[in-house]
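Residues per chain are reported as follows:
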Amino acid sequence: MLNKLIADMVSVMPENLVWLFSKRYIAGKTLEDAVNVTLQLNGQGIYATIDVLGEYIKQTSEALDYKEGYIKTIDAVKNNSLKATLSLKPSMFGLLLDYEFCYKQIRDVIQRAKEAGISICLDMEDSSCTDIELNLFEQLYLEFPGTVSLVLQAYLHRTLNDLKRLQKINKPEYPINVRICKGIYIEPESIAFRKKQEINRNYKLCLEFMMFNHFYCSIATHDEQLVNSALELIKQNNLDTSRYEFQMLYGVRPELRHKLVELNHPMRVYVPYGTHWFGYSTRRLKENPRMVTHIIKALIVRG
Ligand SMILES: Cc1cc2nc3c(=O)[nH]c(=O)nc-3n(C[C@H](O)[C@H](O)[C@H](O)COP(=O)(O)OP(=O)(O)OC[C@H]3O[C@@H](n4cnc5c(N)ncnc54)[C@H](O)[C@@H]3O)c2cc1C
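What you see is a predicted model; the values in this text were computed from it and never measured. (Residues numbered from 1 in each chain as written. Predicted model: local features only at pLDDT ≥ 70, side-chain atom pairs only at ≥ 80, totals over all residues. Heavy atoms only, no water.)

Asker: Explain the nonpolar core residue by residue, including any values.
Answerer: Counting 86 residues, the largest nonpolar core has F93 and L207 as the members making the most contacts within it. At eight residues, the largest contribution of residues to this core is made by helix 5 (residues 99-116). Setting aside residues no more than four positions away along its own chain, F93 makes contact with I57, A63, Y66, K67, Y70, L88, F101, C102, Q105, I106 and V109. Grouped together as the second largest cluster of nonpolar side chains are 16 residues, M13, L17, V18 and I26 included. (Core = buried A, V, L, I, M, F, W, Y, C linked by side-chain atoms within 4.5 Å. Buried < 20%, exposed > 50% of the residue type's maximum accessible area, 1.4 Å probe, protein only. Helix = DSSP H or I, 4+ residues; strand = E, 2+ residues; numbered from the N terminus. Contact = heavy atoms within 4.5 Å.)

Asker: Lay out the site of the ligand with the relevant residues and their values.
Answerer: Taken together, 26 residues form the shell around the ligand, and within it M124, G183, T221, H222 and E287 come nearest. In this structure, K182 approaches the ligand through a side-chain N or O atom, which is 2.8 Å from an oxygen atom. Backbone polar atom of I184 to an oxygen atom of the ligand: 3.0 Å apart, as the coordinates give it. For the ligand, the accessible surface in isolation is 940 Å², of which the surrounding protein chains cover 87%. Among the secondary structure elements, those contributing two or more residues to the shell around the ligand are strand 4 (148-153), strand 5 (177-181), strand 7 (244-249) and helix 11 (278-287). With three residues, strand 7 is the largest single contributor of residues to the shell around the ligand. (Near = heavy atom within 4 Å. Polar contact = N/O pair within 3.5 Å; in protein donor to acceptor, adjacent residues only side chain to side chain. Areas by Shrake-Rupley, 256 points an atom, 1.4 Å probe, with all protein chains shown as cover.)

Asker: Hey, could you go over the packing of aromatic side chains for me, with residue numbers and the actual values?
Answerer: Tallying each qualifying case throughout the model produces seven aromatic pairs. Centroid distance Y70 to F93: 5.9 Å. Interplanar angle 50°. Geometry classified as tilted. Linking Y70 in helix 4 (residues 63-79) with F93 in the loop between strand 2 (84-88) and helix 5, this pair joins segments that are 23 residues apart in sequence. Residues Y70 and F93 agree in their burial class; the two are buried. On the basis of an interplanar angle of 25° and a centroid distance of 5.6 Å, the ring pair of F137 and Y141 is categorised as stacked. On the criterion of helical spacing, the pair formed by F137 and Y141 is a turn pair, its members being four residues apart in helix 6 (residues 130-143). Of the two residues examined, F137 and Y141, each falls in the buried class. (Phe/Tyr/Trp six-rings, centres within 6.5 Å; stacked < 30°, edge-to-face > 60°.)

Here's what the structure looks like:
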């Protein structure tokens, strides 16, 4: 109900007003903004993963601008000696339009990243992308094992099986880096857990599997319960800091992030930037019920 209310409100609000709420989740509209935020985070002992905002292109020609955006971002990370990786959404390179085209564009980006010593994470999108993206990841991992990583979503029933599939190609010298998160898209009950308890249970099962089977574990969550379970698993498995990191989104629960950094756990923050911010920020706004009060207040104040 609440999510729907926010979604309906946001879609009819002027873009400038939505930007007021969105900017807490986004470094800014330019590459310079992303570089500055990353420098601040690095100064606090935190790594970044920079994302050029954009998704679900309708024509393959749109991918070329994004590719240029990623190449410039790779160069900026290298030239500014940033401690940062990059994250990208394959649908922005035409994953759902033309697999071969998409593969070629992302491969060019990864090739450039490899030359710069930077790794790239393939974000996971809605379930229409899951199979194709797993194929894409496998193809790229076999070619660039230390340079590409993948996101999996604990809300999907299939995720533990997907990890088992990846285990078959996992090379001990280049452990597959999986960012395990809950999942943000709205999926049917037939394929996805809906209850928090069930999602968290599957999250823990997947994380345990990853730790036991020598994956690199990127633990992406702001859920304190899950963070505590992860800390327990890290202790039980005697996991060295070279085998895992926590990940959080820019603008979300900085106090929890600092707590983990103070305990010397590796931390990476997802730093999105760019002009195509609307889809990303509306998903974030829907996740945060307290935003409703702020939106209503701002609407009243602005008349
Ligand atoms: C680094 C990173 C990368 C991600 N990449 C992907 C991806 O590729 N594909 C995908 O489907 N999902 C991705 N996600 C999103 C993820 O799937 C969840 O939707 C999101 O992290 C919220 O789940 P949670 O585990 O934090 O738990 P929740 O139970 O949703 O949140 C725990 C607590 O965090 C706080 N919180 C959460 N969200 C917000 C918010 N927007 N604003 C303010 N407070 C908030 C609240 O206090 C909440 O109680 C990513 C998340 C992270 C951290």
